[in-house]
Amino acid sequence: MYPQQVIDALRHVRYPGTGKDLIESGMLEDDIRISGFEVSFSLIFPKDNDPFMKSVLKASEVALKTYIDPNIAAKIHTKFIKSSINRTSSIVQSSIKAKHLIAIHSGKGGVGKSTVTANLAVALAQQGYSVGLLDADIHGPSMPKMFRCEDARPYSVEEEGRTLIEPIEQYGVKMLSIGFFVNPESAVIWRGGMASNAIKQLIEDAHWGELDYFLIDLPPGTSDIHLTLISELQLTGVIVVTTPQPVALVDARKGVEMFRNEKVNVPILGLIENMAWFTPSELPENKYYIFGKDGGKKLAEELNIPLLGQIPLVQSIREGGDEGTPIALQAGHPAAIEFDKMASQLVD
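The rules behind each value
- Residues numbered from 1 in each chain as written.
- Predicted model: local features only at pLDDT ≥ 70, side-chain atom pairs only at ≥ 80, totals over all residues.
- Heavy atoms only, no water.
- Pairing = 2+ DSSP bridges.
- Helix = DSSP H or I, 4+ residues; strand = E, 2+ residues; numbered from the N terminus.
- Axes fitted to C-alpha atoms, helices over the stretch in contact; angles between N-to-C directions.
- Contact = heavy atoms within 4.5 Å.
- Salt bridge = Lys/Arg side-chain N within 4 Å of Asp/Glu carboxyl O.
- Buried < 20%, exposed > 50% of the residue type's maximum accessible area, 1.4 Å probe, protein only.
- Parallel < 35°, antiparallel > 145°, perpendicular 65-115°, else oblique.
- Nonpolar A, V, L, I, M, F, W, Y, C, P; charged D, E, K, R; others polar.
- 1 Å grid on protein atoms, 1.4 Å probe; cavity = no way out; pocket = protein on both sides within 12 Å on 5 of 7 lines; lining within 4 Å.
- Points joined across faces, edges and corners; volume = space filled by probe spheres on them.
- Phe/Tyr/Trp six-rings, centres within 6.5 Å; stacked < 30°, edge-to-face > 60°.
- Left-handed = near helix turned anticlockwise from the far one by under 90°.
- pLDDT = per-residue confidence, 0-100.
- Lys, Arg positive; Asp, Glu negative; His and termini not counted.

Peer 1: Any details on the sheet that holds strand S6 (residues 96-105)? Residues and values, ideally.
Peer 2: If you walk across this open sheet you meet the eight strands as S10-S11-S7-S12-S6-S13-S14-S15, and the pairing is mixed. Among the strands making up the open sheet, the edge pair consists of strand S10 (168-170) and strand S15 (307-311). Strand-to-strand twist of the sheet, defined as the mean angle between neighbouring strand axes without regard to direction, takes the value 25°. Across five bridges, the pairing between strand S7 (residues 131-135) and strand S11 (residues 173-177) is parallel. Residue pairing in the sheet places Leu134 in a bridge with Leu176 of S11.

See the structure below:
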């Protein structure tokens, strides 16, 4: 092992305060020491209570093990440009001042949860509400692409003596995602604790301002992130997204039961059935139930939860997500009208 390998590995770690990697940000001190598989060096942070310090240190250690050797033993020291006002945890409060905090959940991946979340957020914003959106899917963040702001890099602002992350605003929606802070071509190899801490930082150390609705795009399944958000936030409720396919319904049922568990006890606001049917343009009167018929509708009836809507399998919805222009932006489009109705049902 030699110093340049350490430098190259740390180029894969971004500092959220600048959006640049640690080397480009000038955060690596010129004190690398190597002995066999042991390495020590210092990282320079802007201040001693830097909100990103823990996650950057963890990410640096992971980068060394990932890009050099998994057997590396790293000792990372911290240095500071300046000291700042001491503050206790009792006064470090969430920056979210939202009337309603709503999580969007799916039991499994691939059912269109993020697509639904993006379009609901846009539909609410177009109805005149102030909307925030947190992409809490650490390992598969998709909101930057769906909102066509993959190259955006949040910056920091000073607010009441605190340094906060300024969310990216697009289509009237304030948004943060781990996708803004990591290399989009690299996998995020974080354990549950690291992922949960990153989510907490995006919630507590961001300048969200006052919101009517704060939507959280959860990762699929059930994990530490779900428990972290439930314990950290007083959620208004959860929306469950599924397809009518039996395999998806099994996992959707598990998700509902998790939130209904007496130790969790988060209200289920409703269920959305995505990819409910396909209608070819040349046969507008026909419906083809590719993934099964009314599976989500029947599950909602069985579990006694509202069915917020059934979304057909429409090519333009997929294209809108891939191109970064959610279909809800296209006033008058049948799918946009459907998302607008679902947003109104959610408000009700």
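After presenting the structure, the write-up continues.
Peer 1: Can you break down the environment of Pro16 residue by residue, with the values?
Peer 2: Summarising the element assignment, Pro16 is placed in the loop between strand S1 (14-15) and strand S2 (20-21). Ignoring any residue separated from it by four or fewer positions in sequence, one finds Pro16 in contact with Phe52, Val56, Pro154 and Phe181.

Peer 1: Lay out the pattern of salt bridges in plain terms, naming residues and giving numbers.
Peer 2: For side chains bearing opposite charge, pairing can occur when the charged atoms are close. Under the defined criterion, the tally for this structure stands at seven salt bridges. Two residues, Lys79 and Glu29, come together in a salt bridge whose shortest N-O distance is 3.2 Å. Of this pair, Lys79 sits in strand S5 (residues 73-82) while Glu29 sits in the loop between S2 and strand S3 (33-35), and the two are 50 residues apart along the sequence. When its relative accessible area of 25% is taken as the criterion, Glu29 is described as partly exposed. A salt bridge links Asp205 to Arg162; the nearest nitrogen and oxygen atoms lie 3.1 Å apart. You can see Asp205 sitting in the loop between helix H5 (192-204) and strand S12 (209-217) and its partner Arg162 sitting in strand S9 (residues 162-165), a full 43 residues away along the chain. Each member of the pair, Asp205 as well as Arg162, is classed as buried.

Peer 1: Please set out the packing of helix H3 (residues 113-126) against helix H10 (residues 334-347) residue by residue, giving values where relevant.
Peer 2: Look at H3 against H10: their axes get within 9 Å of each other, and the N-to-C directions meet at 75°. When the axis of H3 is compared with that of H10, the two are roughly perpendicular. For the pair H3 and H10, the contacting residues are Val116, Asn119, Leu120, Ala123 and Leu124 in the first and Phe339, Asp340, Met342, Ala343, Leu346 and Val347 in the second. Looking at the contact of H3 with H10 residue by residue, the class counts come to nine nonpolar, one polar and one charged.

Peer 1: A description of empty space enclosed by the protein should follow, citing residues and the corresponding values.
Peer 2: As enumerated under the stated definition, the model contains two cavities of 30 Å³ or more in all. Here the second largest cavity defines a volume of roughly 40 Å³. What lines the second largest cavity is Ala103, Ile216, Leu218, His226, Leu229, Ile230, Leu235 and Phe259. Looking at the lining of the second largest cavity element by element, the count peaks at three residues for helix H6 (residues 224-232). Residue composition of the lining of the second largest cavity, grouped by class: seven nonpolar, one polar and no charged.

Peer 1: Explain the packing of aromatic side chains to me, and be specific about the residues and the numbers.
Peer 2: What the rule picks out here adds up to five aromatic pairs. Here the aromatic rings of Tyr15 and Phe52 are separated by 5.6 Å at their centres, their planes lie at 85°, and the arrangement is edge-to-face. On the criterion of sequence distance, the pair formed by Tyr15 in strand S1 and Phe52 in the loop between strand S4 (38-47) and helix H2 (53-67) is long-range, its members being 37 residues apart. The buried category is assigned to Tyr15, whose relative accessible area is 6%. The interplanar angle of 90° and the centroid separation of 5.3 Å between the aromatic rings of Tyr129 and Tyr213 together place this pair among those described as edge-to-face.

Peer 1: An account of the environment of Lys20 is requested, with residue identities and associated values reported.
Peer 2: Tracing the backbone through its elements, the reader meets Lys20 in strand S2. Distance from Lys20 to Ser55, taken between C-alpha atoms, is 15 Å for residues 35 residues apart in sequence. The residues touching Lys20, leaving out its near neighbours within four places in the chain, are Val13, Arg14, Tyr15 and Ser25.

Peer 1: Lay out unusual backbone geometry in plain terms, naming residues and giving numbers.
Peer 2: If you check the backbone angles, Met275 has positive phi at about 55° while not being a glycine. Backbone geometry at Asp294 places phi at a positive 60°, although glycine is not the residue there. Structurally, Asp294 is set in the loop between strand S14 (268-274) and helix H8 (295-303). The class for Asp294 is buried, based on a relative accessible area of 19%.

Peer 1: So, the packing of helix H7 (residues 246-260) against H8: which residues are in play, and what are the values?
Peer 2: Orientation of H7 relative to H8, taken along the N-to-C sense of each, is 30°, at an axis distance of 11 Å. Comparing their axes, H8 and H7 come out roughly parallel. Between H7 and H8 lies a crossing whose hand is right-handed. Of H8, the residues touching H7 (which contributes Leu249, Ala252, Arg253, Val256, Glu257 and Arg260) are Gly295, Gly296, Leu299, Glu302 and Leu303. Grouping the amino acids of the contact of H7 with H8 by side-chain chemistry returns five nonpolar, two polar and four charged.

Peer 1: Account for the confidence of the model for the protein, with residues named and values stated.
Peer 2: Mean pLDDT over the protein stands at 85; residues scoring 70 or higher make up 92%. Predicted confidence is poor over residues 82-93, with pLDDT under 50, and the contacts of this stretch with residues over four places away or in other chains come to 14 contacts.

Peer 1: Break down the side chain of Asp251 for me, citing the residues and quoting the values.
Peer 2: Relative to the elements of secondary structure, Asp251 occurs in helix H7. With no salt bridge to any partner, buried Asp251 finds its closest opposite charge in Lys254, at an N-O distance of 4.0 Å. Residues in contact with Asp251, not counting those within four places in the same chain, are Gly107 and Lys108.

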